[in-house]
Amino acid sequence: MAVQWEPPAPTRLDPIQPDPSARLLVVPALVGCLVALTLGLYGRLHPATGVAVDIVGFSSPATVKAWLATIAVVFALVQLGSSLVMYGKVPWITAPSWIGGLHRWSGRITFIITVIVAVHCLYALGFESFNARVILHSIAGCLFFGTITVKMLALTRRGMPSWVLPVVGGLAFTLLIVIWFTSAFWFFSAFGFRR
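Residues numbered from 1 in each chain as written. Predicted model: local features only at pLDDT ≥ 70, side-chain atom pairs only at ≥ 80, totals over all residues. Heavy atoms only, no water.

### Quick look at the overall build of the protein
Moving on, step 1. When its secondary structure is counted, the protein shows five helices and zero strands.
Moving on, step 2. The secondary structure elements of the protein, listed N-terminal to C-terminal, are α-α-α-α-α.
Moving on, step 3. For a compact globule of 195 residues, the expected C-alpha radius of gyration is about 16 Å, and the protein comes in at 22 Å, more than 25% above that figure.
Moving on, step 4. The principal-axis extents of the C-alpha atoms in the protein amount to approximately 90 × 45 × 35 Å.
Moving on, step 5. Looking at the protein as a whole, 36% of its 195 residues are labelled buried.
Moving on, step 6. Within the protein, contacts between residues separated by at least 24 positions form 78% of all contacts whose residues are at least 6 apart in sequence.
Moving on, step 7. As presented, the protein carries roughly 12,600 Å² of accessible surface, and 72% of it is formed by carbon and sulfur atoms.
Moving on, step 8. Between the mean site of the 13 positive side-chain charges and the mean site of the 5 negative ones, the protein shows a separation of 16 Å. (Helix = DSSP H or I, 4+ residues; strand = E, 2+ residues; numbered from the N terminus. Rg over C-alpha atoms; globule rule 2.2 N^0.38 Å. Buried < 20%, exposed > 50% of the residue type's maximum accessible area, 1.4 Å probe, protein only. Contact = heavy atoms within 4.5 Å. Areas by Shrake-Rupley, 256 points an atom, 1.4 Å probe, with all protein chains shown as cover. Lys, Arg positive; Asp, Glu negative; His and termini not counted. Charge placed at Lys NZ, Arg CZ, Asp CG, Glu CD.)

### Regarding the environment of alanine 184
Moving on, step 1. Tracing the sequence through the fold places alanine 184 in helix H5 (residues 164-191).
Moving on, step 2. C-alpha separation for the pair alanine 184 and leucine 13, spaced 171 residues apart in sequence, amounts to 51 Å.
Moving on, step 3. Residues contacting alanine 184, with those up to four places away along its chain left out, are Ala66, Ala69 and Thr70.

### Some details on the nonpolar core
Moving on, step 1. Core analysis: the biggest nonpolar cluster contains 18 residues, and Ala66, Phe144, Leu176, Trp180, Ala184 and Phe188 have the highest contact counts within it.
Moving on, step 2. Residue assignment for this core shows that the elements contributing at least two residues are helix H2 (61-86), helix H4 (132-155) and H5.
Moving on, step 3. The greatest single-element share of this core, amounting to nine residues, is contributed by H5.
Moving on, step 4. If we ignore the near neighbours within four places in the chain, the residues touching leucine 176 are Ala72, Val73, Ala76, Thr110, Thr114 and Phe144. (Core = buried A, V, L, I, M, F, W, Y, C linked by side-chain atoms within 4.5 Å.)

### Quick look at a nonpolar patch on the surface
Moving on, step 1. Side chains of Val26, Val27, Leu30, Val31 and Leu153 sit close together on the surface and give an oily, nonpolar patch of about 390 Å² of accessible area.
Moving on, step 2. When residues of the nonpolar patch are assigned to their parent elements, the largest contribution, four residues, is made by helix H1 (residues 26-45).
Moving on, step 3. Mapped onto the elements, leucine 30 comes out in helix H1. (Patch = residues over 30% accessible without salt bridge, like charges linked within 9 Å, V, L, I, M, F, W, Y side chains within 5 Å. Salt bridge = Lys/Arg side-chain N within 4 Å of Asp/Glu carboxyl O.)

### Focus on the environment of tyrosine 42
Moving on, step 1. By the element assignment, tyrosine 42 lies in helix H1.
Moving on, step 2. Judged by relative accessible area, tyrosine 42 falls into the partly exposed class, the value being 38%.
Moving on, step 3. Aside from chain neighbours lying at most four places away, what touches tyrosine 42 is Leu122 and Tyr123.

### Section: H2
Moving on, step 1. With 26 residues, H2 extends 37 Å from end C-alpha to end C-alpha; this agrees with the ideal 38 Å at 1.5 Å per step.
Moving on, step 2. One or two residues past the end of H2 sits glycine 88, with phi positive at roughly 75 degrees. (Expected span 1.5 Å × (residues − 1).)

### A word on the confidence of the model for the protein
Moving on, step 1. Confidence in the prediction for the protein averages 87 pLDDT; 93% of positions are at 70 or higher.
Moving on, step 2. Averaged pLDDT values over the elements of the protein bottom out at 91 in helix H3 (residues 99-125) and peak at 94 in H4. (pLDDT = per-residue confidence, 0-100.)

Here it is in structure tokens:
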């Protein structure tokens, strides 16, 4: 007698229950989106003035912007490294007591430098879209400050899921690298390393 194959009975899957603490991320995420959108709209609607930050000793405002962006990336790399040590992701290094201070100060310095560069970009150049590199740079810049806003607001909320800060911090770092590649790296590639 032949045995007839029958498909297994469907199993009932319980719906995935959302983490209630993730609701704490809603307000920071909305504020971050508002910041990114506002910067984009301001940059697009504000007529570019051509007036830019210039520092004595540099050949042009574009050179200042490229070097400041590079310095910001260096401090962001310090922040990334210090966060990996703080979270125990570098097993051969025990986190020293000063690593938290290094992490906070490197983040503050990165933020201050990026604000200076962003003011230069928004006021002097605006939100541009004349080629793929420039539009990617403009979008990444707006998203970077929106992401930083989410991170700063998430830091102040108790009960936030443990994955939020590493994910948002990693996104901010990635956006900063995209910004750097589409501006400073491009500038140094096109014009060379000069002051």
